[in-house]
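Given next are the chains, with one letter for each unit.
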Amino acid sequence: MDWIINDEMGLTVGHVVGWAAASAMVIGGVIPYVPQYLEIKKTQDADGFSLHVCFALLIANSLRILFWFSKRYELPLLVQSLVMNVTMFLMIHLCVKVKRVNANARERNLSANDEMRLPKVLMTDADTAGSISISTEAGPLKRSRSRHYLSDLDLKYFWNWTDFQSYLDFMLVVWAVGAAVTYLMLSVDWFMEIVGFVAVFTEAMLGAPQFIRNFKNKSTYGMSIHMVLMWTLGDMFKTGYFIARKAPSQFWICGTLQVSLDLAILMQVWIYRHNSKPRDIHRGD
């Protein structure tokens with residue numbers, strides 16, 4: 001069969017397998033986030049997904065793209081980084097939209113409750129002068145600011161902004177600075193090696209916040225086990241692909257670390273299986 005394909009189309013089974021593996025490499029990383037995206041869209045609840053996951057992946061894949069200009073690694077790995085960045089922006093856009101809708105609904109409910117309390121007014125001596133002092137049993141009504149933007153330059157709300165444009169603007173700044181530094185330091189081998197290592201190490205440590213949170217709470221409640229299973233299978237395939245295709249050492253070393261962390265999280269599922277009770281926990285925080 002192999003020689004027939006080779007004679008007729010100039011292809012071999014090896015070529016087909018290679019293309020299939022490359023295609024799986026490109027789209028495999030985004031598959032775990034498809035059910036999460038659909039779940040958020042269906043339930044209109046984004047509290048179970050941490051946007052810091054998106055932050056880590058955007059930084060990691062952006063650095064990996066910059067590293068490509070120094071070490072021309074396999075094209076599928078470059079395309080995967082581009083696809084992952086697009087996927088993370090889609091996740092951010094949905095989460096910000098859902099959180100904004102829910103915040104508006106809460107504000108309307110608070111306003112309605114305040115209006116129900118407003119008839120309880122106290123007339124003071126100043127009323128004779130034409131002024132009225134309004135108070136409630138709960139004291140003066142206060143409103144905390146519910147909109148946060150990148151332009152506020154408030155570190156307290158970093159990566160917790162309430163508009164999608166702030167996330168996009170921040171990444172545009174990161175890309176501009178990264179491109180400028182890469183252009184100036186492209187000939188410095190040790191610097192570019194560090195960039196490559198930081199890129200894959202950041203992605204490898206993606207599960208660390210999840211592991212720490214599970215350890216502190218002695219529970220895995222609120223964590224999507226299916227997502228972690230897909231992480232594990234995908235990372236195993238990815239690491240094997242790195243080794244088979246002789247990718248730069250940073251890739252397969254950090255890939256091995258990533259698989260180890262995935263397995264550690266799955267071990268927590270077994271250890272804490274009796275403690276998985278509802279708590280106020282969010283994945284990735």
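Residues numbered from 1 in each chain as written. Predicted model: local features only at pLDDT ≥ 70, side-chain atom pairs only at ≥ 80, totals over all residues. Heavy atoms only, no water.

Student: What exactly am I supposed to notice about the overall build of the protein chain here?
Tutor: Helix and strand content of the protein chain: ten helices and zero strands. Moving toward the C terminus, one meets the helices and strands of the protein chain in the order α-α-α-α-α-α-α-α-α-α. Looking at the protein chain as a whole, 36% of its 285 residues are labelled buried. In the protein chain, 73% of the contacts between residues at least 6 apart in sequence involve partners at least 24 apart. (Helix = DSSP H or I, 4+ residues; strand = E, 2+ residues; numbered from the N terminus. Buried < 20%, exposed > 50% of the residue type's maximum accessible area, 1.4 Å probe, protein only. Contact = heavy atoms within 4.5 Å.)

Student: Can you help me understand helix 6 (residues 164–185) in this one?
Tutor: Along an α-helix, a turn takes 3.6 residues, which lines up residues three or four apart on a common side. Taking 1.5 Å per residue as the helical rise, helix 6 with its 22 residues ought to reach 32 Å, and the 32 Å between its terminal C-alpha atoms agrees with that figure. Burial in helix 6 covers these residues: Ser166, Tyr167, Phe170, Met171, Gly178 and Thr182. Relative to the axis of helix 6, the buried residues are bounded by an arc of 130 degrees and lie together on one face. Exposed side of helix 6, more than 90 degrees from the buried face: Val173, Tyr183 and Leu184 are the residues found there. (Expected span 1.5 Å × (residues − 1). Arc of directions from axis to C-beta.)

Student: Honestly, the packing of aromatic side chains in this entry has me stumped. Any pointers?
Tutor: Centre-to-centre distance and the angle between the planes together describe a pair of aromatic rings. Taken as a whole, this structure holds 17 aromatic pairs when the rule is applied. Ring centres 6.3 Å apart and planes at 45 degrees place the aromatic pair Phe158 and Trp159 in the tilted group. Of the residues examined, Phe158 reaches a relative accessible area of 32% and is grouped as partly exposed. Through a chain of ring-to-ring contacts, three or more aromatic side chains come together here, namely Phe55, Phe158, Trp159, Trp161, Tyr167 and Phe170. The aromatic ring of Phe215 is capped on one face by Lys218, whose charged end is 4.2 Å from the ring centroid. (Phe/Tyr/Trp six-rings, centres within 6.5 Å; stacked < 30°, edge-to-face > 60°. Lys NZ or Arg CZ within 6 Å of the ring centre and 35° of its normal.)

Student: Is there a simple way to think about the pattern of salt bridges in this case?
Tutor: Two side chains of opposite charge can pair, provided their charged atoms sit close to one another. In total, this model carries four salt bridges according to the counting rule given. One salt bridge connects Lys238 with Glu203, and the closest N-O pair in it is separated by 3.1 Å. Here Glu203 lies in helix 7 (residues 189–204) and Lys238 lies in helix 9 (residues 225–244), a separation of 35 residues in the sequence. Like Glu203, Lys238 is buried. The structure contains a network of salt bridges with shared partners spanning Arg64, Glu203, Asp235 and Lys238. (Salt bridge = Lys/Arg side-chain N within 4 Å of Asp/Glu carboxyl O.)

Student: Please explain the packing of helix 8 (residues 208–217) against helix 10 (residues 249–271) as it appears in this structure.
Tutor: The description of two packed helices rests on the angle between their axes and on the distance between the axes. In contact at an axis separation of 10 Å, helix 8 and helix 10 are set at 25 degrees when each is read in the N-to-C sense. Of the possible angle classes, the one that applies to helix 8 and helix 10 is roughly parallel. The handedness of the crossing between helix 8 and helix 10 comes out as left-handed. The segment helix 8 lies against helix 10, with Ala208, Gln210, Phe211, Asn214 and Phe215 engaging Leu261, Ala264, Ile265 and Gln268. Grouping the amino acids of the contact of helix 8 with helix 10 by side-chain chemistry returns six nonpolar, three polar and no charged. (Axes fitted to C-alpha atoms, helices over the stretch in contact; angles between N-to-C directions. Parallel < 35°, antiparallel > 145°, perpendicular 65-115°, else oblique. Left-handed = near helix turned anticlockwise from the far one by under 90°. Nonpolar A, V, L, I, M, F, W, Y, C, P; charged D, E, K, R; others polar.)

Student: Which parts of the structure should I look at to understand the nonpolar core?
Tutor: Soluble globular proteins: nonpolar side chains tend toward being buried together. Ranked by internal contacts, the top residues of the largest apolar core, which has 30 residues, are Tyr33, Ile40, Phe49, Met88, Ile92 and Trp159. Taken together, the elements giving at least two residues each to this core come down to helix 3 (33–43), helix 4 (51–68), helix 5 (75–117), helix 6 and helix 9. If one sorts the elements of this core by residue count, helix 5 sits on top with nine residues. If we skip the residues at most four places from it in the chain, Ile92 touches Leu51, Cys54, Leu58, Trp159, Phe164 and Tyr167. Of all hydrophobic cores here, the second largest spans 17 residues; its members include Leu77, Val200, Phe242 and Cys254. (Core = buried A, V, L, I, M, F, W, Y, C linked by side-chain atoms within 4.5 Å.)

Student: Would you mind going over the UniProt feature "transmembrane region" (unreviewed entry) in the protein chain with me for this structure?
Tutor: Under the UniProt annotation, "transmembrane region" (unreviewed entry) lies at residues 12–34, 46–69, 75–96, 166–184, 190–212, 224–244 and 250–272. Between the end C-alpha atoms of residues 166–184 the distance is 27 Å, and the span holds 100% helix and 0% strand. As annotated, residues 250–272 has a helix share of 96% and a strand share of 0%, and its two end C-alpha atoms lie 33 Å apart. (UniProt positions renumbered as here; feature names shortened; annotations may be inferred.)

Student: So what exactly am I meant to see when it comes to the side chain of Lys238 here?
Tutor: Its relative accessible area of 7% is what places Lys238 among the buried residues. Sequence-distant contacts of Lys238, that is, excluding residues within four places in its chain, are made with Met25, Gln80, Glu203 and Gln258.

Student: Before we go on, may I ask you to explain the confidence of the model for the protein chain in this structure?
Tutor: As a note on interpretation, predicted positions should not be read in detail where pLDDT is low. For the protein chain, the mean per-residue pLDDT works out to 77, and 76% of the residues sit at or above 70. Across the protein chain, helix 6 holds the top mean pLDDT of 95, while helix 1 (residues 2–9) sits lowest at 47. Within the model, the stretch residues 1–5 combines pLDDT values under 50 with seven contacts to residues more than four positions away or in other chains. Low pLDDT, under 50, characterises residues 278–285; the predicted model gives this stretch 26 contacts beyond four residues in sequence or across chains. (pLDDT = per-residue confidence, 0-100.)

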